[in-house]
Amino acid sequence: MFKPKPIRFLPLLLGAALLASCSKDVYMFTSFHEPANEGLRLLYSNDGYKWTDLNRIFLAPQVGPSKLMRDPSISRGPDGTYHLVWTCGWKGDKGFGYASSKDLVHWSEQRFIDVMSQEPTTVNVWAPEIFYDAPTKQYLIVWASTIPFRFPRGIEDEDNNHRLYYTTTQDFQTFTPAKLFIDPGFSSIDAVVVPRGPQDYVLVVKDNTRPNRNIKVAFGPTALGPFPNVSEPFTGNFTEGPSVLALPHKEWLIYYDAYKEKRYGVMKTSDFKSFTDVSAQTSVPQGHKHGTVFTVPAKTLKNLLRSAPAGAAATSTSGTHE
């Protein structure tokens, strides 16, 4: 006897049917839920404004003493391979987690990439962000570390006075020695490099200084900068984890975690100098935390939808993100 499918299957079926008839890329947003011991989650969107959670774990953390996965960041290389890096511990770690995938479903063996062992007093390696820089044909990974007594601390504690460091790689087998990426004169974490054109890059970065803890921008000629003249903040205090999404017609959305208000904020910009708050026009699933936005072919998302447990895709929250 025929039995109709429960209504909870409709979002998956409709999503798959829509993607089957659409060849353009779609947006993906990496994510994790506190307390960060479950692993990689993924959200998707066709327009960059309305997000749906695939509502499953795609990779459980296995490396690092704490076996955590925070701040997952993915970059898609020119060969279609997805490269993932993440924070794998709070303190004591001198590296980050790494894995790769061709389809975001099946993953390579996880590895711990030690980048700060040459600095034995390093407190942490937080929020690695990965970017593929086409002009130099290499991947750039930027993270925040504290090395006590290395920089003027202002009002920060010595074990919380972050600066940004980086390494580069072409093959994920060899990595250049870690170097200082930027010292803006204040404790800084959560750096996102945005290419706009030839010799035109934007750095979006969190000022982690108490009591500020807000997000600023700077401009530079290469992915490695230099990035002088960091701007005044374009968000309020107690904001972090910026993620930048490129829209058509040279516009960008900057998602950020307004963690004290327990919501996601979103700013729209065309020049990274003036910003319009469009938070009310967006929807982000509850529980979503610090990730990065990248694009995938529609067929990749279709495969992700098929791989998820039936009925698992969660609907998004309203523009208030509560």
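Preceding block: the structure.
Residues numbered from 1 in each chain as written. Predicted model: local features only at pLDDT ≥ 70, side-chain atom pairs only at ≥ 80, totals over all residues. Heavy atoms only, no water.

1. Focus: helix H2 (residues 298-307)
Of all the residues in H2, the buried ones are Ala 298, Thr 300, Leu 301, Leu 304 and Leu 305. What you see down the axis of H2 is that its buried residues fit within an arc of 155 degrees, all on one side. Of the residues in H2, the exposed ones pointing more than 90 degrees away from the buried face are Lys 299 and Arg 306. (Buried < 20%, exposed > 50% of the residue type's maximum accessible area, 1.4 Å probe, protein only. Helix = DSSP H or I, 4+ residues; strand = E, 2+ residues; numbered from the N terminus. Arc of directions from axis to C-beta.)

2. Side note on the pattern of salt bridges
Inspection of every chain in the model, using the stated rule, returns 15 salt bridges. Here Glu 158 ties to Arg 153 by a salt bridge, and the two come within 3.6 Å at their closest N and O atoms. Of the charged contacts in the structure, one is a salt bridge between Asp 207 and Lys 216, with a shortest N-O distance of 2.8 Å. (Salt bridge = Lys/Arg side-chain N within 4 Å of Asp/Glu carboxyl O.)

3. Here's the deal with the nonpolar core
Ranked by size, the top nonpolar core spans 31 residues in total, and within it Phe 181, Val 204 and Phe 272 carry the most contacts. If you list the elements that add at least two residues to this core, you get strand S9 (138-146), strand S10 (162-169), strand S11 (179-182), strand S12 (188-197), strand S13 (200-207), strand S14 (214-220) and strand S16 (251-258). Counting residues in each nonpolar core, the second largest holds 24 residues, with Leu 59, Ile 74, Tyr 82 and Leu 305 among its members. (Core = buried A, V, L, I, M, F, W, Y, C linked by side-chain atoms within 4.5 Å.)

4. Side note on the packing of aromatic side chains
Throughout the structure, instances matching the rule amount to 16 aromatic pairs. Centroid distance Phe 29 to Tyr 264: 6.4 Å. Interplanar angle 85 degrees. Geometry classified as edge-to-face. Remark: Tyr 264 occurs in strand S17 (residues 263-269) and Phe 29 occurs in strand S1 (residues 26-31); sequence separation between them is 235 residues. Under the relative-accessibility criterion, Tyr 264 is labelled buried at 4%. A ring pair is formed by Trp 252 and Phe 272, whose centres lie 5.1 Å apart and whose planes are at 50 degrees; its orientation type is tilted. (Phe/Tyr/Trp six-rings, centres within 6.5 Å; stacked < 30°, edge-to-face > 60°.)

5. So, the sheet that holds strand S2 (residues 41-45)
Hydrogen bonds between backbone atoms are what pair the strands of a sheet, whose relative direction is either parallel or antiparallel. Spatially, the four strands line up as an open sheet ordered S3-S2-S1-S19, and their pairing is antiparallel. Only two strands of the sheet have a single partner each, and these edge strands are strand S3 (52-53) and strand S19 (293-296). Pairing of S2 with S3 involves two bridges; the strand directions are antiparallel. When the sheet's bridge partners are listed, Leu 43 is paired in S3 with Asp 53. (Pairing = 2+ DSSP bridges.)

6. Remarks on the pairing of strand S6 (residues 95-101)
Most of S6 sits out of view: seven of its seven residues are buried. Of the pairings in the sheet, the one linking S6 to strand S7 (residues 111-114) comprises four bridges and is antiparallel in character. Across the sheet, the residue bridging to Gly 95 is Asp 114, located in S7.

Worth remembering: the numbers are spatial, not functional.
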